[in-house]
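What follows is each chain in one-letter form.
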Amino acid sequence: MEIRINGEPIQYTIESERTVGEVVKSLESWLSTSGFCITNIQRDKADILKGCDTDPKPISQTELLDITAKPYLDVQYEHLSTLYQYMTLLKRAIEQDNRSLVTDCMRDFPSVYEALKSSLKEQEGDSFSQIEQLKRYVDEYNLTGDDYEKPGETFFTFLESLASIIAGRMNEILQPLNELSKTAYALKEIIPQMTDVSVLLQTGKDNEAMGTILLFIELSEKLIRLYRYITLKEGNFIATIESDGVQFGDFYVEFNKVLNEVIGALSAKDSVLTGDLFEYEVVPRIERLLSFLQVIKDRSEA
């Protein structure tokens, strides 16, 4: 079986793979290490992208596997750009009461809804709830029907907010280092509130504590995204940058573990552990993160 990637034949050694689906899984993993993802697959000149990783056809019965691959960041940016344009178009169509255009937008809504969940899945706070709110608005105003009720200003403000979130994600891809710096300083600004979380939770002031916790989760998940974007955009060398004898890559792995511990403590509603993690584990690491960012900034300006 011949394998081509972007029209170029590649040397690929078949090991334990027996089906086209198994080969595709292996190639996906290999391409991801270089920051690429598969956008189209043809098996003997027939498209098989949907369900390709479970394709049961034996390798022995396949002559050509033709794969199109693009940089992950380019694909992600294209998806987000399409979603942003959709939100802008939907808002304009409803504002102008262009029912034909609204009908066209709603025809694409099921796929847009799934694309929103996929593209914004890392953030389980505000943006995720807004995705579900979008669906509720569509149902409430019967936007998929021929005789829908024209929404009020609240809906337009909502669309602007969702479009702003999407635009923010696009900027993360374009300027990950800049966004990382802004996020770290945003975390630094909430350190005083974070150190109070334990007391607030233990004294029954859950609502006040949850505001800080939700903001922390949002910023933390952004940090996780940005690290991947930075390594894809700038190269793995950034993981070897040192501050006080610790490499940035090792620091980020440990910081990620702490963030997951905090999320686990929150899920278990363990106020004591949550407060202790904030005070003794998270806050010191934010200070360390800021020191790394200074080293990275100095390196980039050198």
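## With respect to the packing of aromatic side chains
Going through the model one piece at a time under the given rule, you end up with 16 aromatic pairs. An angle of 15° between the planes, with centres 4.2 Å apart, marks the rings of Tyr227 and Tyr252 as stacked. Of this pair, Tyr227 sits in helix H9 (residues 206–234) while Tyr252 sits in helix H10 (residues 248–267), and the two are 25 residues apart along the sequence. Judged by its relative accessible area of 6%, Tyr252 falls in the buried class. Through a chain of ring-to-ring contacts, the aromatic side chains of Tyr227, Phe248, Phe251, Tyr252, Phe255 and Phe292 assemble into a single cluster. In this arrangement the basic side chain of Arg228 is found over the ring face of Tyr72, its NZ or CZ atom lying 4.1 Å from the centre.

## A short note on unusual backbone geometry
Phi is positive for Lys45, close to 70°, though the residue is something other than glycine. Looking at the secondary structure, you find Lys45 in the loop between strand S3 (36–43) and strand S4 (46–47). Given the relative accessible area of 71%, Lys45 is considered exposed.

## Here's the deal with the environment of Lys117
Looking at where Lys117 falls in the secondary structure, it is placed in helix H4 (residues 109–119). Given a relative accessible area of 25%, Lys117 falls into the partly exposed group. It is 9.0 Å that separates the C-alpha atoms of Lys117 and Glu132, two residues lying 15 residues apart in sequence. For Lys117, the contacting residues outside a window of four places in its chain are Ile131 and Glu132.

## Describing the side chain of Thr183
Looking at the element boundaries, Thr183 is found in helix H7 (residues 176–189). Note on Thr183: relative accessible area 1%, which makes it buried. Residues contacting Thr183, with those up to four places away along its chain left out, are Leu219, Lys222, Leu223 and Leu226.

## Describing the environment of Asn40
Here Asn40 lies in strand S3. As a C-alpha pair, Asn40 and Lys70 span 30 residues in sequence and 9.6 Å in three-dimensional space.

## Some words on H10
Between its first and last C-alpha atoms H10 spans 28 Å; for 20 residues at 1.5 Å apiece the expected length is 28 Å, and the two agree. Listed as buried for H10 are Phe248, Gly249, Phe251, Tyr252, Phe255, Val258, Leu259, Val262, Ala265 and Leu266. Phi for Lys269, located one or two positions after H10, is positive at around 55°.

## A closer look at the pattern of salt bridges
What the rule picks out here adds up to 13 salt bridges. Here Glu2 and Arg4 are joined by a salt bridge, their closest N and O atoms 2.9 Å apart. For Lys91, the salt bridge identified is with Glu95, shortest N-O distance 2.7 Å. Residue Lys91 and its partner Glu95 are located together in helix H2 (residues 72–95), separated by four residues, close to a single helical turn.

## Describing the pairing of S3
Summarising the sheet, S3 and strand S5 (residues 64–71) pair through seven bridges and their orientation is antiparallel. By the bridge assignment for S5, Ile38 is matched with Ala69. Alignment of S3 against S4, held across two bridges, turns out to be antiparallel. Note on S4: the bridge partner recorded for Gln42 is Asp47. Between S3 and the antiparallel strand that follows it, S4, lie two residues; Asp44 among them carries a positive phi value of about 50°.

## Focus on the nonpolar core
Core analysis: the biggest nonpolar cluster contains 75 residues, and Met87, Leu116, Leu134, Phe155, Phe216, Phe248 and Leu289 have the highest contact counts within it. The residues touching Met87, leaving out its near neighbours within four places in the chain, are Val112, Leu116, Leu134, Leu159, Leu162, Ala163 and Ile166. One finds Val24, Ile41, Leu65 and Ala69 within the second-largest nonpolar core, a separate group that totals 14 residues.

## Let's talk about the confidence of the model for the chain
In the predicted model, the chain carries a mean pLDDT of 85, and the fraction of residues at 70 or more is 94%. The least confident element of the chain is helix H8 (residues 191–202), whose mean pLDDT is 76; the most confident is H2, at 95.

Analysis parameters
Residues numbered from 1 in each chain as written. Predicted model: local features only at pLDDT ≥ 70, side-chain atom pairs only at ≥ 80, totals over all residues. Heavy atoms only, no water. Phe/Tyr/Trp six-rings, centres within 6.5 Å; stacked < 30°, edge-to-face > 60°. Helix = DSSP H or I, 4+ residues; strand = E, 2+ residues; numbered from the N terminus. Buried < 20%, exposed > 50% of the residue type's maximum accessible area, 1.4 Å probe, protein only. Lys NZ or Arg CZ within 6 Å of the ring centre and 35° of its normal. Contact = heavy atoms within 4.5 Å. Expected span 1.5 Å × (residues − 1). Salt bridge = Lys/Arg side-chain N within 4 Å of Asp/Glu carboxyl O. Pairing = 2+ DSSP bridges. Core = buried A, V, L, I, M, F, W, Y, C linked by side-chain atoms within 4.5 Å. pLDDT = per-residue confidence, 0-100.

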